Amino acid sequence: MARITYIEHNGAEHVVEVPTGVSLMEGALQNGIPGIDGDCGGNAACATCHVYVEGDWLARTGERSENESAMLDLADGLEDNSRLACQISASPELDGLVLRMPASQH
Amino acid sequence: MASQPIASEPAIRHTLSREEAPFQWPLPPRKRPALADYSRETLMAYLETAPLDEVDISDPLYWETNSHWPYFRRLRDEAPVHFNAVNAERHRGFWSVSRWADIMAVDTNHQVYSSDAYLGGITLFDMDSDFIMPMFIAMDPPKHDVQRKAVNPIVSGPNLASFEGLIRTRTQEVLDGLPRGEVFDWVDRVSIELTSRMLATLFDWPQEHRRKLTYWSDVSTSDPEVPGNPQKEERQGILLGMLQEFTQLWNERVNSEPKTDLVSMLAHNPATRNMPPMEFMGNLVLLIVGGNDTTRNSISGGVYFLNKNPQEYAKLRADHGLVDSMVSEIIRYQTPLAHMRRTAIEDTILGGKHIAKGDKVVMWYHSGNRDERAIDNPDAFIIDRPRARQHMSFGFGIHRCVGNRLAELQLKILWEEILKRFDNIEVVAEPERVPSAFVRGYKSLMVRIPA
């Protein structure tokens, strides 16, 4: 279980608990959090769950895979702390993680 | 216990190489099953029981009659990665991939499954080898990436917001101009009208000549073997004419300040400004077809599906808030492009089958969108389907449709404006369909809006 804070581009905050092993894309969808679409169902194949990982959390979310990098490279608003939320699994180590969303998912 | 003979393994089959099957035109005659007639009913009955190895589903007959469904249901159940060798002298033979998960595996593995135009490109039938049109959808990284990025900004979030008012005004104009109480062709009056106006805007092309864009889009995907369509040489000539007209625009814009239309963007971006003519033409074809055929056919499909599912139409009338999820469901249910094709550039395994280097691999998106292993009750059209966005009509991976958000926006605005005006749009006859295993579209859809 991890408490995750999702911050929409307009600043709206959503704090939810995501069970261990569930992706942070799924965590957003299951809690009805706007701004994350997850069109491909969690295969790093569409880039509609693009998020920015806040602060020191980035290293703890692991490395981008080759396919995740390829999709992010084609997404709008790529930053050093960009990740696809479907490629990060909730775990106790991520308790307190903060994610911000880009202006739009594309 | 009686001993059973061990079935002999069928010969291992793969796509014929260009040496084994040199490009020739006209193509060798197509073999068709001997049936009493080729009506939808007869073809569907045939596809229910025909040996899978006997069917060449690339035949436009199955698409014009919309009779292909039993074949793909059987492929998904019995042979999800299946080699089609029938009529291989025409298309060299290809693998049909019909399940969601296998399609996803191909689409996300661009390292093994190439889109390269020079290997044949992204459609089941190879590009004419005497008329190769490189375009970024038919390229692999890294060139694909930089060319796609050159046009991406026009369909990115901030730019879309700037289009919204224009799209709404035009949609209102087109809908307000429709006749009441008389039969008309929805394809011509609405679907083509709206998409051609949008395309003209994207290219900053003269609006009064917008139907030329529709014409070129239709010609670029048309099958030269179908009677009435331009023959091979004629088709190439028409596309060269398109190139000529666009080159004039290019020349004007390359010497002006950069603007936000597609031609100016291509003319000024370092990744595209030195494209050879055939590559400029290829990218034009890509952007015109991508912005035209697909949205057009989803616009038509939505009206047709709501008529076939009156309970869904009633739900929509009762709750206009369902437009968002309905738009995704329309796009899933229509699947405007039935397939994308790849070429394996190394030996690999897919669904337990050995795919050899050089093999053609066809991902049937419309079949993946009807795969009950991935989607509940997939044959039903349900406008408030949970997770309606999870469909494969836009493809997945690096070649995923770049204009998907624009397409969704156009459809969303259209349905919002329809609901403000018309309580009903009645389909009065079955639509006439495009005879193509690539574009799943409508030539006409006759409707009436009650007076």
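Residues numbered from 1 in each chain as written. Chains lettered and ligands numbered in written order. Predicted model: local features only at pLDDT ≥ 70, side-chain atom pairs only at ≥ 80, totals over all residues. Heavy atoms only, no water.

Undergrad: Help me understand the overall build of chain B, please; the structure alone is not making it clear to me.
TA: If you tally the helices and strands in chain B, you get 16 helices and 12 strands. Here chain B has a C-alpha radius of gyration of 22 Å; the compact-globule value for 451 residues is 22 Å, and the two agree. A principal-axis box enclosing the C-alpha atoms of chain B has dimensions of 75 × 55 × 40 Å. Looking at chain B residue by residue over its 451 residues, the buried ones come to 59%. Counting only contacts in chain B whose residues sit at least 6 apart along the sequence, the fraction spanning at least 24 positions is 70%. About 18,200 Å² of surface is accessible on chain B, with carbon and sulfur atoms providing 54% of the total. Charge separation in chain B, taken as the distance between the mean sites of 52 positive and 61 negative side-chain charges, equals 2 Å. (Helix = DSSP H or I, 4+ residues; strand = E, 2+ residues; numbered from the N terminus. Rg over C-alpha atoms; globule rule 2.2 N^0.38 Å. Buried < 20%, exposed > 50% of the residue type's maximum accessible area, 1.4 Å probe, protein only. Contact = heavy atoms within 4.5 Å. Areas by Shrake-Rupley, 256 points an atom, 1.4 Å probe, with all protein chains shown as cover. Lys, Arg positive; Asp, Glu negative; His and termini not counted. Charge placed at Lys NZ, Arg CZ, Asp CG, Glu CD.)

Undergrad: Please explain the sheet that holds strand 4 (residues 82-84) of chain A as it appears in this structure.
TA: The strands that make up a sheet are held in pairs by hydrogen bonds between backbone atoms, and each pair lies either parallel or antiparallel. Residue and element names in this part refer to chain A. A sheet is described by the order of its strands in space; here 5 strands give the open sequence 2-1-5-3-4, paired in mixed fashion. In this open sheet, the two strands that pair with only one neighbour each are strand 2 (13-18) and strand 4. With direction set aside, neighbouring strand axes in the sheet form an average angle of 35°. Taken together, the 2 bridges between strand 3 (residues 50-53) and strand 5 (residues 98-100) define a ladder with antiparallel strand orientation. For Tyr52, the partnering residue across the bridge sits in strand 5 and is Arg100. Lying over the sheet, helix 3 (residues 66-73) contacts strand 3 and strand 4, oriented at roughly 115° with respect to strand 4. (Pairing = 2+ DSSP bridges. Axes fitted to C-alpha atoms, helices over the stretch in contact; angles between N-to-C directions.)

Undergrad: Explain the environment of B:Val327 to me, please; I cannot follow it from the model alone.
TA: Residue and element names in this part refer to chain B. Tracing the sequence through the fold places Val327 in helix 14 (residues 323-334). With a relative accessible area of 3%, Val327 lands in the buried category. Distance in space between the C-alpha atoms of Val327 and Ile383 is 7.9 Å, their sequence separation being 56 residues. What Val327 contacts, discounting residues up to four positions off in sequence, is Glu408, Leu411 and Lys412.

Undergrad: Help me understand the interface of chain B and chain A in this model?
TA: By a widespread convention, an interface's size corresponds to the accessible area lost as its parts come together. Opposite the 24 residues of chain B that make contact, chain A presents 22 residues. Interface area for chain B against chain A, summed over the two sides, is near 1,800 Å², with a carbon-plus-sulfur share of 47%. At the junction of chain B with chain A, the criterion picks out 6 salt bridges. Linking chain B to chain A there are 14 residue pairs in polar contact (both at pLDDT 80 or more). (Buried area = accessible area lost by both parts, 1.4 Å probe. Salt bridge = Lys/Arg side-chain N within 4 Å of Asp/Glu carboxyl O. Polar contact = N/O pair within 3.5 Å; in protein donor to acceptor, adjacent residues only side chain to side chain.)

Undergrad: Explanation requested: unusual backbone geometry in the structure shown.
TA: For residues that are not glycine, phi is negative in most cases, and the peptide bond is trans in most cases. Residue and element names in this part refer to chain B. The residue after Trp25, namely Pro26, is reached through a cis peptide bond having omega 0°. Looking at the element boundaries, Pro26 is found in the segment before helix 1 (40-49). Cis peptide bonds are those with omega within 30 degrees of zero, and the linkage from Pro141 to Pro142 qualifies with 5°. Here Pro142 is to be found in the loop between strand 3 (113-114) and helix 6 (143-151). Positive phi values are uncommon outside glycine, yet Asn87 reaches one of about 65°. Mapped onto the secondary structure, Asn87 falls in the loop between strand 1 (81-84) and helix 4 (88-91).

Undergrad: Would you explain the pairing of strand 3 of chain A in this entry?
TA: The side chains of a regular strand alternate between both faces of the sheet. All names here are of chain A. Side chains His50 and Tyr52 of strand 3 all project onto a buried face; the interleaved residues Val51 and Val53 project onto the opposite face, where all are buried too. Bridging between strand 3 and strand 4 involves 3 bridges; their strand directions are antiparallel. From the neighbouring strand, Tyr52 faces strand 4, where its bridge partner is Ser82.

Undergrad: Would you mind going over the packing of helix 12 (residues 277-308) of chain B against helix 13 (residues 310-318) of chain B with me for this structure?
TA: Geometry of a packed helix pair, given as the angle between the helix axes and the separation of the axes. Residues and elements named next belong to chain B. The N-to-C vectors of helix 12 and helix 13 enclose an angle of 110°; their axes lie 5 Å apart at closest approach. Classified by the angle between their axes, helix 12 and helix 13 sit roughly perpendicular to one another. Contacts between helix 12 and helix 13 involve Leu306, Asn307 and Lys308 on the former and, on the latter, Pro310, Glu312, Tyr313 and Leu316. Partitioning the contact of helix 12 with helix 13 into residue classes produces 4 nonpolar, 1 polar and 2 charged. (Parallel < 35°, antiparallel > 145°, perpendicular 65-115°, else oblique. Nonpolar A, V, L, I, M, F, W, Y, C, P; charged D, E, K, R; others polar.)

Undergrad: Which parts of the structure should I look at to understand the sheet that holds strand 3 of chain B?
TA: All names here are of chain B. An order of 1-2-8-5-3 is seen for the 5 strands of this open sheet, with the pairing classed as mixed. Every other strand in the sheet has two partners, leaving strand 1 and strand 3 as the edge strands with one partner each. Here strand 1 runs beside strand 2 (residues 94-97); their pairing, made up of 4 bridges, is antiparallel. Opposite His82, over in strand 2, you have Ser96 as the bridge partner. Contacts from helix 5 (residues 100-107) reach strand 1, strand 2, strand 3, strand 5 (339-344) and strand 8 (360-364) within the one sheet, and its direction differs from that of strand 8 by about 130°.

Undergrad: Can you help me understand the pairing of strand 2 of chain B in this one?
TA: All names here are of chain B. Neither face of strand 2 is exposed, since Phe94 and Ser96 on one face and Trp95 and Val97 on the opposite face are all buried. With 3 bridges connecting them, strand 2 and strand 8 associate as parallel partners. By the bridge assignment for strand 8, Trp95 is matched with Val361.

Undergrad: Explain the side chain of B:Thr15 here, please?
TA: Residues and elements named next belong to chain B. Inspection of the secondary structure puts Thr15 in the segment before helix 1. Here Thr15 falls in the buried class, since its relative accessible area comes to 9%. Polar contacts involving the side chain of Thr15 include one to the main-chain carbonyl oxygen of Gly93, which spans 3.0 Å. Of the polar contacts made by the side chain of Thr15, one reaches the backbone nitrogen of Lys360; its length is 2.8 Å. Residues within four places of Thr15 in sequence aside, it is in contact with Glu20, Phe83, Arg92, Gly93, Phe94, Gly358, Asp359 and Lys360.

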